[in-house]
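Residue strings, one per chain:
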Amino acid sequence: MKRRIAAAGSAGPKVRSDCEITLELKSKGGIVFDLTSKVEALYGRSIKELCYEILKSFDIRNADVRINDSGALAFVIAARLEAAIKKLINSDLEYLPEFIKENRYSTTAGRFRFSRLYLPGNTPGLMINAGLHSADAIILDLEDSVSPEKKDEARILVRNALRQVNFYGAERMVRINQGDRGLIDLHFVIPHNVNLILVPKCENHDQIKIIDSEISAIRKKERIRNTVFLMPIIESALGIENSFDIAKASENVVALAIGLEDYTADLGVPRTREGMESLYARTRLVVAAKAAGIQPIDSVFSDVSEMEALKQYVLASRALGFEGMGCIHPRQISVINEGFAPDAQEIEKAKRIVCAFEDATRNGLGVVALGSKMIDPPVVKRAQKTIELAVKLGKLPLQMNK
Amino acid sequence: MAIKTVINAAGRRVPLKINGQSAVPFKGVGKHWPEGTKHSPPVPTCSDYPCDGNKVVRSLEEALRKCGLRNGMTISTHHHLRDGDLISNRIFELASAMGVKDLVWFPSASFPCNDPVINYLDDGTINRIEGSMNGPLGRYVSEGKMKGTAVLRSHGGRVQAIQDGEVKIDIAVLVAPSADSFGNARGTGGSSACGVIGYAKADSMYASKVIVVTDNLVDFPCFPMEIEGNYVDYVVVVDKIGVPEKIVSGTTQVTKSPDRLLIAELTASFLEKSGILKDGVTIQAGAGGTSLAIAVFVHEILKQKDWKAKFGFGGSTKYMINMLEEGQMNYILDAQAFDLDAVRSVEKNPNHIPYPVFNAYNYHSKGNLTSMMDIMILGATEIDLNFNGNVVTHSDGYLLHGIGGWQNCLHARNVIIPVPLFRDRIPVIVDQVTTLCGPGELIDVIITERGIAINPLRKDLIKSVKGSGLPVRTIKELKEEAERICGKPQKARFEEDIVAAIKWVDGTVIDVVRKIKTG
């Protein structure tokens, strides 16, 4: 017999900004609501109206709808109901909430990706304010942070979040699942202005090629103009060995990230704070990325209470050549952003070098000197990069660049 | 019989009589001049009291009987034991057993531990509560189950009502962490220490009868006394007046919520960039997680700039104590201690001074501390487009909080309200507050995670942060953003019946709360 009852979403004393919707299809009796909500006095009517409209769009006329709501926003309620419906009926229809105009921005290959905040794809409460914390990017994660039985509903929630949640200019990223599931994920997110797709457990360039062509097919079909960049995450020994190849697999690959939890597991060694076990992999990945002309991105730092240790980690990471890392808590963002940006002392030194270089060029001198010290061309190049970075970060006025 | 109502100066419909007593509608800020003289309790004589000064009686019941407890009396208590109070409920349990009816409970605040008084509202022992109502008590009142009409006053409004004789306390039952047999009492010492008991001072001076209840009887004199024995009729010694871990939090905690931290950081940044945080500043912040975070950020700024706050006004917490002890604050004047560090500090540090609410907040006096404060950090359940504030009801219409010192504090030079733009889908910034507790002309700045709104009346503040990079927006823009995210809420529905009156600091009625319409 065909299933007649299904549920989606979450409820419980600790759940906030979410709801659990249980839908039971009936053959008569119309739509009957059973709503429990702490915002019932303020939104009871609009919650029912929304659900009624969604059911109607799926041509459901008779059903019992039980909603256990803890202050879910409309896009969350819509996602939960759609997920429940799709557990019961086969349909390609989508109930899309309005795409807010603030979300219509594109990004560039070379933009900063110092900090990227991971958000579990099935936890709406963490999404709503995520854009406020000044991360360079927001990652809506469909992979490891979503349990297998929630994968389908997370896609719909993430899709709705991409349309409705203002991320205030942060680069809009989605981490898809591995393999075929990941390809299906793309159909849920690419039409809704994703800037970048994170490809987990990437081990060879074919994986990237398949994903890239799937994305361009979707873009063509949906007439999407914005480019969708790719960031493969290397999480195994094989992936490290193939990292340069992966980096070159598509022109849309703009960064390579390393995932050390899985990498150390693959090696069969524990991940230590000193990180000697992954030093080779990290430096290898940095070299591969730089050789390919893209950004090397470091793994996340998983102890959210250790801010000082995080700071040290960031400094070491930057010293190795990494240009950013993932964040698993908003508290980590400012430490990471500050850590990867050049500090005042570096900027000052770079300024002096660049000025000396410009003086030398103006005076037709072949050799650049700062005081009694000779400055080699690579040092000048590095100083120029630092100045460029400082200007982009607003740490130096624009004229300095000239 | 319909009660006559009028529209007050704030545009709210209020009754001219509350619980049979005539009431003055709100006339505007600073527009009501009181008349007459202060209330006086009956003149006592020493010949009624033991020469050896020993006023100890065997039990609370005996004390209540000796005070002549009878129908219709007003019983006052203070809230310094907070959620650990074991005595308030006991009073009404005894009264109920004695068959006394229609009492008025006049607490300085109520806490979840006081929920059992609902039983005594149900059985008729208590006619009404005049004080704060939280949680289930608020719900009970909002659903129209209380016989009399609740009256909510600020801490300052409460002492004003006592002083002016608007509320005549028949019996004050004052718990004291330490007391002597003569009735001198203080908030320190013993196992139920709460630091200070300043809220009880007015009760002790103006009540007809005063009972001090302690679990720590010390030798005469109990020193330094906050309540003086000359005002006290009876002393009762019990095993325990409170549950220590519920009286003060072991430690008050700075918020860990990244969203609230963001609001706190933005607040500190506003205080600095607007120039209101300066050397010699006077400041008051509460004990909520966000306020504590603000205190930490402010402390950092003071240290960095080598500035000192002239004084801070409590409720004190360890974060304020840190400023005092590390030299960024000269004095703490304190009406209540919120954590163990604060209790310890008030016991030991001569620059941490107990300061009765009488002197800080009473509007009918010759000046208040609050108008001397530069920076006042407050909360709110709702703020409207005219900057009016609500602290007692939620948008669903239910009475859920007391006013506390909130109304009194609005008289500070810069009233800053850091609030999230919405809480669990409920917008904080609304078209019109459900219940008016404070007029918008006294509220200066609203700081949310999505922007800062400055009251258009404060042109100076608006100018001071021009070009500062702070996300300044109009309150209308913030409201619209909240509604864009949450959806426009429908209005709560009310019956005509008035369940509670909200008094302004001068004793006039600024608004009422009506019975929730159910079904």
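Source: prediction; values computed, not measured. (Residues numbered from 1 in each chain as written. Chains lettered and ligands numbered in written order. Predicted model: local features only at pLDDT ≥ 70, side-chain atom pairs only at ≥ 80, totals over all residues.)

1. Regarding the overall build of chain B
This is how the line gets drawn: By definition, any uninterrupted DSSP run of H or I lasting at least four residues is a helix, any uninterrupted run of E lasting at least two residues is a strand, and each is numbered from the N terminus. As defined in this context, the radius of gyration uses C-alpha atoms, and a globule is described by 2.2 Å times the residue total to the power 0.38. By the criterion used throughout, residues are in contact when their C-beta atoms, derived from the backbone, lie within 7 Å.
A tally of regular secondary structure across chain B gives 15 helices and 30 strands. In terms of overall size, chain B behaves like a compact globule, its C-alpha atoms giving a radius of gyration of 23 Å where 519 residues would be expected to give roughly 24 Å. Dimensions of chain B, computed from the C-alpha atoms along their principal axes, are close to 70 × 60 × 40 Å. Once local pairs closer than 6 in sequence are excluded, the contacts in chain B between residues at least 24 apart make up 72%.

2. Let's talk about the domain arrangement of chain A
Put simply, the rule reads: Where each domain starts and ends follows an automatic or database-derived domain assignment.
Here chain A is partitioned into domain 1 (5–88), domain 2 (101–340) and domain 3 (344–401). Averaged C-alpha coordinates put domain 2 of chain A and domain 3 of chain A at centres separated by 33 Å.

3. As for the sheet that holds strand β1 (residues 5–9) of chain A
All names here are of chain A. Put simply, the rule is: Two strands are said to pair when DSSP picks up at least two bridges between them. All axes are obtained by fitting lines to C-alpha atoms, using only the stretch in contact for helices, and the reported angles, taken between N-to-C directions, cover 0 to 180 degrees.
An order of β1-β2-β4-β3 is seen for the four strands of this open sheet, with the pairing classed as mixed. Of all strands in the sheet, those with a lone pairing partner are β1 and β3 (31–37), marking the two edges. Taking the axes of each pair of neighbouring strands and ignoring which way they run, one obtains an average angle of 10° across the sheet. As defined by bridge partners, β1 adjoins strand β2 (residues 19–25) across five bridges and the pair is classed as antiparallel. Its bridge partner being in β2, A6 is matched across the sheet by L23. Strands in contact with helix α1 (residues 40–57) are β3 and β4 (63–69); relative to β3, the strand with the most contacts, it is inclined by about 145°. Across the face of the sheet, helix α2 (residues 74–88) comes into contact with β1 and β2 while running at roughly 35° to β2.

4. Here's the deal with the sheet that holds strand β25 (residues 429–430) of chain B
Residues and elements named next belong to chain B. Strand order in the open sheet formed by three strands is β21-β20-β25, with mixed pairing between adjacent strands. Each having just a single partner strand, β21 (389–390) and β25 make up the two edges of the open sheet. With two bridges connecting them, strand β20 (residues 382–384) and β25 associate as parallel partners. Within the sheet, the bridge partner assigned to I383 lies in β25 and is I429.

5. Topic: the pairing of strand β9 (residues 229–234) of chain A
Residues and elements named next belong to chain A. Applicable threshold: Here the C-beta atoms are placed from the backbone, and a residue counts as buried if at least 20 other C-beta atoms lie within 10 Å of its own, exposed if 12 or fewer do, and partly exposed otherwise. Classification remark: right-handed applies to a crossover when, strands pointing away from the viewer, the course from the first strand over the helix to the second runs clockwise.
Of all six residues in β9, six are buried, a share of seventy percent or more. Here strand β8 (residues 196–199) runs beside β9; their pairing, made up of four bridges, is parallel. Bridging from a neighbouring strand, L198 pairs with M231 of β9. For the segment spanning β8, helix α6 (residues 205–222) and β9, crossover handedness is right-handed.

6. Quick word on the environment of L23 of chain A
Residues and elements named next belong to chain A. Structurally, the position occupied by L23 is in strand β2. Spatially, the C-alpha atom of L23 lies 4.8 Å from that of V65, the residues being 42 residues apart in sequence. Those residues in contact with L23 that lie beyond four places of it in its chain are I5, A6, A63, V65, A84, I85 and L88.

7. Here we look at the domain arrangement of chain B
All names here are of chain B. Quick note on the threshold: Under the scheme applied, nonpolar residues are Ala, Val, Leu, Ile, Met, Phe, Trp, Tyr, Cys and Pro; charged residues are Asp, Glu, Lys and Arg; polar residues are all the others, including Gly.
What the domain assignment lists for chain B is domain 1 (52–130 + 167–247) and domain 2 (258–492). Distance from the C-alpha centre of domain 1 to the C-alpha centre of domain 2: 32 Å. In this complex, domain 1 contributes twelve residues to the contact, which on the side of domain 2 involves 15 residues. When grouped by side-chain class, the residues that make up the side of domain 1 that touches domain 2 number six nonpolar, four polar and two charged.

8. Quick word on unusual backbone geometry
Residues and elements named next belong to chain B. Omega for the peptide link from F220 to P221 comes to -5°, which places this bond in the cis form. Tracing the sequence through the fold places P221 in the loop between β13 (209–214) and β14 (234–237). Note the cis peptide between G314 and G315, where omega equals 10°. Within the secondary structure, G315 sits in the loop between β16 (309–313) and α10 (318–325). The backbone of N19 shows a phi angle near 50°, a positive value even though the residue is not glycine. One can find N19 in the loop between β3 (17–18) and β4 (21–22). On the neighbour-count criterion, N19 (16 C-beta atoms within 10 Å) is partly exposed. Of note, D424 is a non-glycine position whose phi angle comes to about 45°, a positive value. D424 gets classed as partly exposed once you count the C-beta atoms within 10 Å, which come to 16.

9. Some remarks on the interface of chain B and chain A
Taken residue by residue, the interface counts 16 residues in chain B and 18 residues in chain A. Listing elements by their share of the side of chain B that touches chain A, those giving two or more residues are α8 (258–273) and α15 (475–486) of chain B. Ranked by residue count, the leading element in the side of chain B that touches chain A is α8 of chain B, at three residues. Taken together, the residues that form the side of chain B that touches chain A break down as seven nonpolar, four polar and five charged.

10. Some thoughts on the pairing of β2 of chain A
For β2 of chain A and β4 of chain A, the ladder comprises seven bridges, and the chain directions are antiparallel. Within β4 of chain A, the residue paired with T22 of chain A across the bridge is R66 of chain A.

11. Considering helix α4 (residues 151–164) of chain A
All names here are of chain A. Put simply, the rule reads: The span you would expect from a helix comes to 1.5 Å times its residue count less one.
Counted at 1.5 Å a residue, the expected span for α4 with its 14 residues is 20 Å, and the 20 Å between its end C-alpha atoms agrees. Considered for burial, the residues of α4 that qualify are E153, A154, R155, I156, L157, V158, R159, N160, A161, L162 and Q164. Each element contacted by the buried residues of α4 is listed here: β1, α2, α3 (124–127), β6 (137–141), β7 (171–175) and α5 (179–189).

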